[in-house]
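Remarks on the overall topology
One letter stands for each residue in the lines below.
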Amino acid sequence: MPWDDEEARRNVLRLEDQLAALDSLPDHAAAARANDAVQALVDLYGECLRRIMDHLADGAEDVRRLAADELVGHLLLVHDLHPDPVAARVEAAIAEMRIVLRRQDGDIELLGLDGAVARVRLTESGGGGGCGCSAEPPDAAVRDAVMGRAPEIEQVEIETVRASRPQALISVDSLFRSPVTAGRETG
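Residues numbered from 1 in each chain as written. Predicted model: local features only at pLDDT ≥ 70, side-chain atom pairs only at ≥ 80, totals over all residues. Heavy atoms only, no water.

1. Quick look at the nonpolar core
Grouped together as the largest cluster of nonpolar side chains are 17 residues, with contacts concentrated most on Ile-108, Val-142 and Val-146. Counting residues per element, the ones that place at least two in this core are helix 5 (86-103), strand 1 (107-114), strand 2 (117-124), helix 6 (139-149) and strand 3 (155-162). The contacts of Val-142, once residues within four sequence positions are left out, are Met-97, Ile-108, Val-120, Leu-122, Val-156 and Ile-158. Among the nonpolar cores identified, the runner-up in size contains six residues, and Leu-49, Val-63, Leu-76 and Leu-81 belong to it. (Core = buried A, V, L, I, M, F, W, Y, C linked by side-chain atoms within 4.5 Å. Buried < 20%, exposed > 50% of the residue type's maximum accessible area, 1.4 Å probe, protein only. Helix = DSSP H or I, 4+ residues; strand = E, 2+ residues; numbered from the N terminus. Contact = heavy atoms within 4.5 Å.)

2. Observations regarding helix 2 (residues 28-55)
Three- or four-residue spacings in an α-helix give side chains the same orientation, since the helix completes a turn every 3.6 residues. Taking 1.5 Å of rise per residue, 28 residues should cover 40 Å, and helix 2 covers 41 Å from first to last C-alpha, within 8% of that figure. For helix 2, the complete set of buried residues consists of Ala-31, Gly-46, Leu-49 and Met-53. The elements touched by buried residues of helix 2 are helix 1 (5-22), helix 3 (60-68) and helix 4 (70-78). N-cap assignment for helix 2: the residue whose side-chain oxygen lies 3.2 Å from the backbone N of Ala-29 is Asp-27. (Expected span 1.5 Å × (residues − 1). Polar contact = N/O pair within 3.5 Å; in protein donor to acceptor, adjacent residues only side chain to side chain.)

3. Side note on the packing of helix 5 against helix 6
At a minimum axis distance of 8 Å, the contact between helix 5 and helix 6 shows a crossing angle of 145°. Where helix 5 crosses over helix 6, the two elements pack in a sense that is right-handed. Across from Arg-89, Val-90, Ala-92, Ala-93, Ile-94, Glu-96 and Met-97 in helix 5, the residues of helix 6 making contact are Ala-141, Val-142, Ala-145, Val-146 and Arg-149. Broken down by class, the residue content of the contact of helix 5 with helix 6 amounts to nine nonpolar, no polar and three charged. (Axes fitted to C-alpha atoms, helices over the stretch in contact; angles between N-to-C directions. Left-handed = near helix turned anticlockwise from the far one by under 90°. Nonpolar A, V, L, I, M, F, W, Y, C, P; charged D, E, K, R; others polar.)

4. Quick word on the packing of helix 3 against helix 4
Remark: helix 3 packs on helix 4, axes separated minimally by 5 Å, with the N-to-C direction vectors making an angle of 100°. By the angle between their axes, helix 3 is roughly perpendicular relative to helix 4. On the side of helix 3, the interface is formed by Leu-66, Ala-67 and Ala-68, while helix 4 contributes Glu-70, Val-72, Gly-73 and Leu-76. Of the residues assigned to the contact of helix 3 with helix 4, the class counts are five nonpolar, one polar and one charged. (Parallel < 35°, antiparallel > 145°, perpendicular 65-115°, else oblique.)

5. Side note on a nonpolar patch on the surface
On the surface, Val-38, Val-42, Leu-75 and Val-78 cluster together into a nonpolar patch covering about 290 Å² of accessible area. Only helix 2 and helix 4 provide two or more residues apiece to the nonpolar patch. Summarising the element assignment, Val-38 is placed in helix 2. (Patch = residues over 30% accessible without salt bridge, like charges linked within 9 Å, V, L, I, M, F, W, Y side chains within 5 Å. Areas by Shrake-Rupley, 256 points an atom, 1.4 Å probe, with all protein chains shown as cover. Salt bridge = Lys/Arg side-chain N within 4 Å of Asp/Glu carboxyl O.)

Quick look at the structure:
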């Protein structure tokens, strides 16, 4: 039976734990052989996946659909077969975050990519969480979004700009007018 996305994530985490545990085995020679066997298997599957992608080269829509699947997309990234360039994937992550941040009166902009470094500007509202959302800066969510879409990015540099909200203007006269005086003037 096929895995749903949640089950796939659980299995990926379990696999990562098992691979990490290989290094702690007391028999270092056995651990090295196990790691070599896993790497050979990954390389073999990667070559098979590359051949599949070559067969689909004429079906750009099919390739995009495959890449859009979370699990398949990550597998394509592991084997450097993803059809979208790093910049496009970073832009897609920024676009997703922009939707979230605008709901909180914020914004995000990609300033540039320099090798494995993405530079981003966050604009936060001066309200400090007045929308009922967390007052915590969204830096971690931005990093997760960018690096999740483009694992080649090793660092996300975030410049945070605080947007000032215009203050409501109150006339000076109204500050010095007492409620009693104000009522008599109109009546």
